[in-house]
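# Commentary on secondary and tertiary structure
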Amino acid sequence: MEALFVNLAAVLSGWLTSLGLSPIWADTVLLFVKWIIVITIITLNIIILIWLERKVSAFFQERLGPNRLGPFGIFQTIADAIKLLTKEDIVPSAADKLIFKTAPMFFIVVAVMLYTVIPMGQGMEVINLNIGLLFFISIGSLSTIALLMAGWGSNNKWSLMGAVRSVAQMVSYEIPLAFSLLGVVMISGSLNLQDIVAAQGKLWFIILQPIAFITYFIAATAELNRGPFDMPEAEQELTGGAYTEYTGMRWALFFLAEYTNLVAVSALMATVFLGGWQGPWLPSWLWIIIKTYGVILVFFWVKWTFPRIRMDHLMSFSWKVLVPVSLGNILLTGAGIYFCRWMGWC
Amino acid sequence: MIEFSGLSLYDAVFTAAAGVTVTAALGVVLFRNIIYSALSLVLAFLGVAAIYFQLNAGFLGVIQILVYAGAISVLIIFAIMLVMNRPAGRTNLTSPRTREVFTGGTITAMMLTALIAAIGLSDWPKTVLLKGADDTVGMLAELMLGDYVVAFEAAAILLLVAVVGAIILAKGVENK
Amino acid sequence: MQTDIYRVNVGPIHPSTHGGLHAEAVMDGEIIQDVIVHLGYVHRSVEKIAESRTYQQFVPYTARLDYLATNLPVLGYCQTVEKLLGIEVPERAEYIRVIMAELSRIASHQIAIAATGIDLGATTGLMYGMRDRERIMNIFEMTGGQRLLSSYIRIGGVAADIPDDFIPAVRSFVNDVPQMIDEYNGLMTGNEIWAARMQGVGILNPEDAVKYGVTGPNLRASGIAYDIRKAEPYGIYDRLDFDIPTGSRGDSLDRWTVRIEEVRQSGRIIGQALDNLPEGEIIARVPKTLKPDPGKDIYHRIESAKGELGYYIVSDGGNKPYRLHVRAPSFINLMVLPLVCRGGVFQDIITNIATLDPILGESDR
Amino acid sequence: MNGQGLIKGLGITFKHFFQKEITEQYPDVMPQLAPRFRGCLQFEFEKCIACGICVNSCPNNVLSFETEKDENSKKKKLLSYTIDFQHCMFCNLCAEGCPKQCIYFDHNFELSSFKREDIKMVYLRPAEMDMREEESTNGQEQQESKEQKQIDAMQKALQKNPGKVLSKILEQEEDIIILSELMQSDEKTAGKIAELMVKDKEKAAKVAAGFVNKAKKNRAKTETAGEGGDAND
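Residues numbered from 1 in each chain as written. Chains lettered and ligands numbered in written order. Predicted model: local features only at pLDDT ≥ 70, side-chain atom pairs only at ≥ 80, totals over all residues. Heavy atoms only, no water.

The helix and strand tally for chain A stands at 13 helices and zero strands. Radius of gyration (C-alpha) of chain A: 21 Å, near the 20 Å computed for a compact globule of 346 residues. Referenced to the eigenvectors of the C-alpha coordinate spread, the extents of chain A come out at roughly 65 × 60 × 40 Å. Out of the 346 residues belonging to chain A, those deemed buried represent 57%. If you take every contact in chain A between residues at least 6 apart in sequence, the share linking residues at least 24 apart comes to 76%. Carbon and sulfur atoms provide 74% of the accessible area of chain A, an area that totals close to 13,900 Å². Both charge centroids of chain A, one from 20 positive and one from 19 negative side chains, sit 3 Å from each other. (Helix = DSSP H or I, 4+ residues; strand = E, 2+ residues; numbered from the N terminus. Rg over C-alpha atoms; globule rule 2.2 N^0.38 Å. Buried < 20%, exposed > 50% of the residue type's maximum accessible area, 1.4 Å probe, protein only. Contact = heavy atoms within 4.5 Å. Areas by Shrake-Rupley, 256 points an atom, 1.4 Å probe, with all protein chains shown as cover. Lys, Arg positive; Asp, Glu negative; His and termini not counted. Charge placed at Lys NZ, Arg CZ, Asp CG, Glu CD.)

Structure representation (structure tokens):
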């Protein structure tokens, strides 16, 4: 069970080479196969996730949630997907059509790219990049452009306000996001996510870096545009923010991308702070799924409890609280490492 | 080894990345809508990042995406949006007036010449393209925080001054 | 730096405008320069309808003024007509009316609590508020037959006697009120994000409040302990013991906490009314056709969930009012929206609309 | 403050996560409605006495009805009753005013319909109602025997004092004398008149008038036959 997928990949690779492909081409084909698997998993995962969020939010509110289609309403999302696919695709006549149509595609592509570096198990990742963590952060920052395109392309005041707000928010929160991960990098001494997982063999980084974990969690919530930081959508104020003018599948793509981002960020949190794929008894790829879903449930819990924060408070919280705290954490970590060396513990 | 008429996979990837970069760069200049120009700039940055990745300079590529594509371009678009007071369709600086075309062309030609001369006259290490170092991050860190630490810190101070200046500009002068 | 002023329409179709409110925000960046309130999207010419309906026939229409506190506008109208004709309401009916009126007040405030919750993004707050209000709706269904517009209070008394399971249901609801309030406070009031969104937002000075004629919880939040139930008691309110909760700063948080405290006080009032509920008739002997003396006019006001709700009726001796005017508290309270919004950020408009708690059925009439 | 409020809020939602859900499973489980619940307006045609209180008390002109004045009994006869339900405010004023409780709200709250015309409910006078009125005359056995007794009593009365009894159905004294003479000569006619008078006075009056006319005609015929000539004028 443990090496199930790794072995499958090896078998496929061997078969490709036996066909007479050079190793570099075999690798390329294998890469594509991996990507297709990742995209399939993402799509299937989203169906479960949307159902899960509805169910969880319903339980928080003493409701039942979807319960009509299939056992516990599990097929509700599929029905909704069919509905969204068959809906009329409306492009406002005043919209900047090219930007309007490109924005959702760009958003989802960026979201899927995040999965390149996440280790899904022992030796299971699309590419083992030695700067994986940095890659993740930098690709994550690109989604701001997509939101800006959506807001600008819609040619609607609500959309533009939503887009401008969320971009301001995401640019501000990228800084504490990156800083909070630096402590982990300092301890593990690597930007490679597999190395970071390996460094947590004895002790998870959530124990060594609790401040970093909390700042990362807050910053990640803001980066994901989830409540209480759901500025681009903000139904109550901006009637749907950047997504106001989108309908049907284009709208669904945004939500697909948001949930894709959610899984990616949760998986990264599990990898960086919760020991990654390591765990007893169960195979590694199952452990990462369990941990990721645990983090996702916490995201849900926070979203369905808190009111939305005000824009100016959000910005000042980032610059006046999170950035200093995460910088302080780096200082503390550095001091801790030197103290550790001085004591001869490591 | 499968090759398409002498074109290896490596070359194919480079051609694609370079093609995207050049096309996007042309788009920046030629689009009449300045928002399109700004978005083309993002694409050009991404293309450059792809070339960095191919050159095994992963760190540089990532920073290119993070700083230029993710942050600088957003600032550019913000600035455009804030100061634009004409319809977006006719906002780019491209204009039919010959004098500006001439000035711009001359400056571009001069810069291009300088660049080509710089590339041609430099003595490039030949190893980067083929092997590269495994730990580019470590090497960069040693260079920046070791050999060139003074320059690095000076740049940091320069940026800090710029930030302070920007804040003062944004806050505006109190009317007395 | 020179900046442009731009206008954003909040409403009339907008998730947070509670009906057909249209507020036009004049903004400089995120800062609100002014808010222009456009009214009339829910105008149903209720006052004109009154002139073509008999006194009894108009009773159901009054319930539609403030449909969230359905018994309160009906009570106000019925008391006005009773005052006009000199009808004595039986003791038992008065007590039942107080219970129903205070239940309506709680229902209205719970809607305000729930709606404020969702307006500020706390979706779960909406669900808890609505869940608790549902118990009141069940009590209304039990007594009046309808959940929202129960059509229970009549000129001269109430339509029917209370059913057997009424008292236990109300009693258990009143007993649970403190627990509900703890939950609202725990989930929302005590939340730091919540406090940050409300504290110092939409400050209404007591002077401005009086100048604009603001009444109800909004006035009390500004620190003026004015409640018609105390100032000019109608019905049997002079026999009941309750406090007037007041705020000190007059901001959104004060308006919010005053409403929550009023739920508690209404619970106290209902408890006392239940304890002292006498036996007897439930409706006075009222003639089939009501014909007040010609030329007689009357103004009567009650403390509605939103403030001073007054009815002015002029009679021409016929069985229909010659002229009827409603002094709707929401209409007047809404007029301070530009005042409290100015200088705030865009999101404050939503907070202020939610905490001013207008109801457009009453405001537009 | 400093995050305690946030944690408390999280605790509240966490507690609710494990509590029982309160969702009503409509339409699988129909809601428990209070006895006084007002759903759809219902009307019982046969109970209605067409007094019009409901129509007058309705604030929104939802109700209307058509009547016909019955010539014989001078009673208002309800022909149709219309409830234009789209204007109904569910205020219960009509039901409260009704002296016969023939208009009331039932517990059916699923009021949507496909066509706008379906909202309007028109109650026409049921055909059985007229038939039943006739039936009620020869109705059940018990009633029959009871009626038979009445008929017998009527017959006796007619024999004893025809003038007084017949004055109830006939107006002119001349006619009464004619009919009483006829009855004395023909027992069948007497029986029929008596029966009709018990069951349906209006019909009895008609039949009686018919008999009188017949008798008058016969008498006229015999007169003309006796005197001759005049009939031709």
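Past the structure itself, the notes keep going.
Geometrically, the link from D:Tyr26 to D:Pro27 is a cis peptide bond, its omega value of 0 degrees lying close to zero. Examined against the element boundaries, D:Pro27 turns out to sit in the loop between α1 (4-17) and β1 (41-43). Located in the positive-phi region is A:Phe72, a residue other than glycine, with phi close to 55 degrees. Note on placement: A:Phe72 falls in the loop between α2 (23-60) and α3 (76-86).

Residues and elements named next belong to chain C. Enumeration over the complete set of coordinates arrives at 32 aromatic pairs over all chains. Considering the side-chain rings of Trp-194 and Trp-256, the 4.8 Å spacing of their centres and the 55 degrees angle between planes classify their relative orientation as tilted. Taken together, the positions of Trp-194 in helix α7 (residues 192-198) and Trp-256 in helix α11 (residues 252-275) put the pair 62 residues apart, joining distant regions of the chain. Considered together, Trp-194 and Trp-256 belong to a single accessibility category, that of buried residues. (Phe/Tyr/Trp six-rings, centres within 6.5 Å; stacked < 30°, edge-to-face > 60°.)

The next thing to look at is α3(A). Since one α-helical turn is 3.6 residues long, residues separated by three or four positions face the same way. All names here are of chain A. Of the residues making up α3, those classed as buried are Gln-76, Thr-77, Asp-80 and Leu-84. Mapping the buried residues of α3 onto a view down its axis gives an arc of 90 degrees, with all of them on the same face. Exposed and oriented more than 90 degrees from the buried face of α3 are Ile-82, Leu-85 and Thr-86. Its buried side turned inward, α3 meets α2 and α11 (248-273). (Arc of directions from axis to C-beta.)

In this section: the interface of chain A and chain D. Contact residues are listed per partner, giving 13 residues for chain A and 16 residues for chain D. With both chains or domains summed, chain A and chain D bury close to 1,400 Å², and 63% of this area falls on carbon and sulfur atoms. Between chain A and chain D we count one salt bridge in total. For A:Arg68, the salt bridge is made with D:Asp28, and the minimal N-O distance between the two is 3.2 Å. On the surface where chain A and chain D come into contact, there are nine residue pairs in polar contact (both at pLDDT 80 or more). When residues of the side of chain A that touches chain D are traced back to their parent elements, those giving at least two are α2 and α12 (284-303) of chain A. (Buried area = accessible area lost by both parts, 1.4 Å probe. Salt bridge = Lys/Arg side-chain N within 4 Å of Asp/Glu carboxyl O. Polar contact = N/O pair within 3.5 Å; in protein donor to acceptor, adjacent residues only side chain to side chain.)

Most often, soluble globular proteins have nonpolar side chains that are buried together. Among the nonpolar cores identified, the biggest contains 114 residues, and A:Leu133, A:Phe136, A:Tyr216, A:Phe273 and A:Phe299 are the most heavily contacted of them. Ignoring anything within four residues of it in the chain, the contact list for A:Phe136 reads A:Leu114, A:Val117, A:Ile118, A:Tyr216, A:Ala264, A:Val265 and A:Leu268. Core analysis: the next-biggest nonpolar cluster, separate from the first, contains 82 residues, C:Leu84, C:Ile139, C:Ala305 and D:Ala34 among them. (Core = buried A, V, L, I, M, F, W, Y, C linked by side-chain atoms within 4.5 Å.)

It is worth spelling out the environment of A:Asp96 at this point. With respect to the element layout, A:Asp96 can be found in the loop between α3 and α4 (97-113). Here A:Asp96 falls in the buried class, since its relative accessible area comes to 14%. Each C-alpha atom, one on A:Asp96 and one on A:Pro280, is 54 Å from the other, the two residues being 184 residues apart in sequence. Not counting chain neighbours up to four residues away, the residues in contact with A:Asp96 comprise A:Trp152, A:Gly153, B:Asn33 and B:Tyr36.

All names here are of chain A. Domains assigned within chain A are domain 1 (1-86) and domain 2 (91-343). One C-alpha centre belongs to domain 1, the other to domain 2; they are set 20 Å apart. In this assembly, 24 residues from domain 1 lie in contact with 30 residues from domain 2. In total, domain 1 and domain 2 occlude about 2,500 Å² of area from one another, counting both sides; carbon and sulfur atoms represent 75% of this. Where domain 1 packs against domain 2, one counts one salt bridge. (Domains from an automatic or database assignment.)

Attention now goes to a positive patch on the surface. Residue and element names in this part refer to chain D. Judged by side-chain charge, Lys-188, Lys-192, Lys-203, Lys-206 and Lys-214 come together as a positively charged surface patch. Mapped by element, the contributors of at least two residues to the positive patch are α8 (187-199) and α9 (201-227). Among the elements that line the positive patch, the one with the most residues is α9, at three residues. Along the polypeptide, Lys-188 turns up in helix α8. (Patch = residues over 30% accessible without salt bridge, like charges linked within 9 Å, V, L, I, M, F, W, Y side chains within 5 Å.)

Contact geometry of helix α5 (residues 132-154) of chain A with helix α3 (residues 58-83) of chain B gives a least axis separation of 8 Å together with a crossing angle of 25 degrees. Looking at the two axes, α5(A) sits roughly parallel to α3(B). As for the relative orientation of α5(A) and α3(B), their crossing is left-handed in sense. Across the interface between the two elements, A:Leu134, A:Phe135, A:Ile137, A:Ser138, A:Ile139, A:Ser141, A:Leu142, A:Thr144, A:Ile145, A:Leu148 and A:Trp152 from α5(A) touch B:Phe59, B:Val62, B:Ile63, B:Ile65, B:Leu66, B:Ala69, B:Gly70, B:Ser73, B:Val74, B:Ile77, B:Phe78 and B:Met81 from α3(B). When grouped by side-chain class, the residues that make up the contact of α5(A) with α3(B) number 18 nonpolar, five polar and no charged. (Axes fitted to C-alpha atoms, helices over the stretch in contact; angles between N-to-C directions. Parallel < 35°, antiparallel > 145°, perpendicular 65-115°, else oblique. Left-handed = near helix turned anticlockwise from the far one by under 90°. Nonpolar A, V, L, I, M, F, W, Y, C, P; charged D, E, K, R; others polar.)

Residue and element names in this part refer to chain A. The end-to-end C-alpha distance of α11 is 37 Å, a good match for the 38 Å that 26 residues give at a rise of 1.5 Å each. With 22 of 26 residues buried, α11 is to be regarded as a mostly interior element. Among the residues trailing α11, Gly-275 stands out with phi positive, at a value near 80 degrees. (Expected span 1.5 Å × (residues − 1).)

Listed by partner, the interface residues are 25 residues for chain A and 32 residues for chain C. Buried area between chain A and chain C, both sides added, is near 2,400 Å², and the carbon and sulfur share of it is 59%. The largest contributions to the chain A side of the interface with chain C come from A:Gln236, A:Pro307 and A:Arg310, which together make up 27% of the buried area. The tally of links between chain A and chain C comes to two salt bridges.

This part covers the sheet that holds strand β2 (residues 63-69) of chain D. Residue and element names in this part refer to chain D. Taken together, three strands build an open sheet; the order of strands is β2-β3-β5 and the sheet is antiparallel. Where the open sheet ends on each side, the last strands, each with one partner, are β2 and β5 (120-124). The mean angle between the axes of side-by-side strands here comes to 15 degrees, regardless of whether they run parallel or antiparallel. Bridge analysis of strand β3 (residues 76-84) against β5 gives five bridges, and the strand direction is antiparallel. Paired with Tyr-81 across the strands is Tyr-123, a residue of β5. (Pairing = 2+ DSSP bridges.)

Where the four pairs of chains in contact are concerned, the greatest contact count is recorded for chains A and C. Without any contact between them, chain B and chain C keep their closest C-alpha atoms 7 Å apart. What separates chain B from chain D at the closest point of their C-alpha atoms is a distance of 29 Å, and the two make no contact.

Moving on, we come to the sheet that holds strand β7 (residues 308-315) of chain C. Residues and elements named next belong to chain C. Spatially, β6-β7-β8 is the arrangement adopted by the three strands of the open sheet, whose pairing is antiparallel. Every interior strand has two partners, whereas the edge strands, β6 (297-303) and β8 (321-327), have only one. For this sheet, the mean angle separating the axes of adjacent strands, direction not counted, is 15 degrees. In this structure, β6 lies alongside β7, joined through seven bridges in antiparallel fashion. The partner of Arg-301 across the bridge, within β7, is Gly-310.

Here chain A averages 83 in pLDDT, while 99% of its residues score no lower than 70. Confidence, expressed as mean pLDDT per element, reaches its minimum in chain A at helix α10 (residues 235-238) of chain A with 72 and its maximum at helix α9 (residues 210-223) of chain A with 88. (pLDDT = per-residue confidence, 0-100.)

All names here are of chain A. Taken together, the side chains of Leu-182, Met-186, Ile-187, Leu-203, Trp-204, Ile-207 and Leu-208 make up a nonpolar region of the molecular surface, amounting to roughly 570 Å² of accessible area. At the level of elements, α6 (157-188) and α8 (205-208) are the ones that each hand at least two residues to the nonpolar patch. Structurally, Trp-204 can be placed in the loop between α7 (193-199) and α8.

Residues and elements named next belong to chain A. Mapped onto the secondary structure, Asn-225 falls in the loop between α9 and α10. In the structure, Asn-225 is positioned 107 residues away from Ile-118 in sequence and 21 Å away in space, judged by C-alpha atoms. With sequence-adjacent residues up to four places away left out, Asn-225 is seen in contact with Leu-147, Ser-166, Gln-169, Met-170, Asp-230, Pro-232 and Glu-258.

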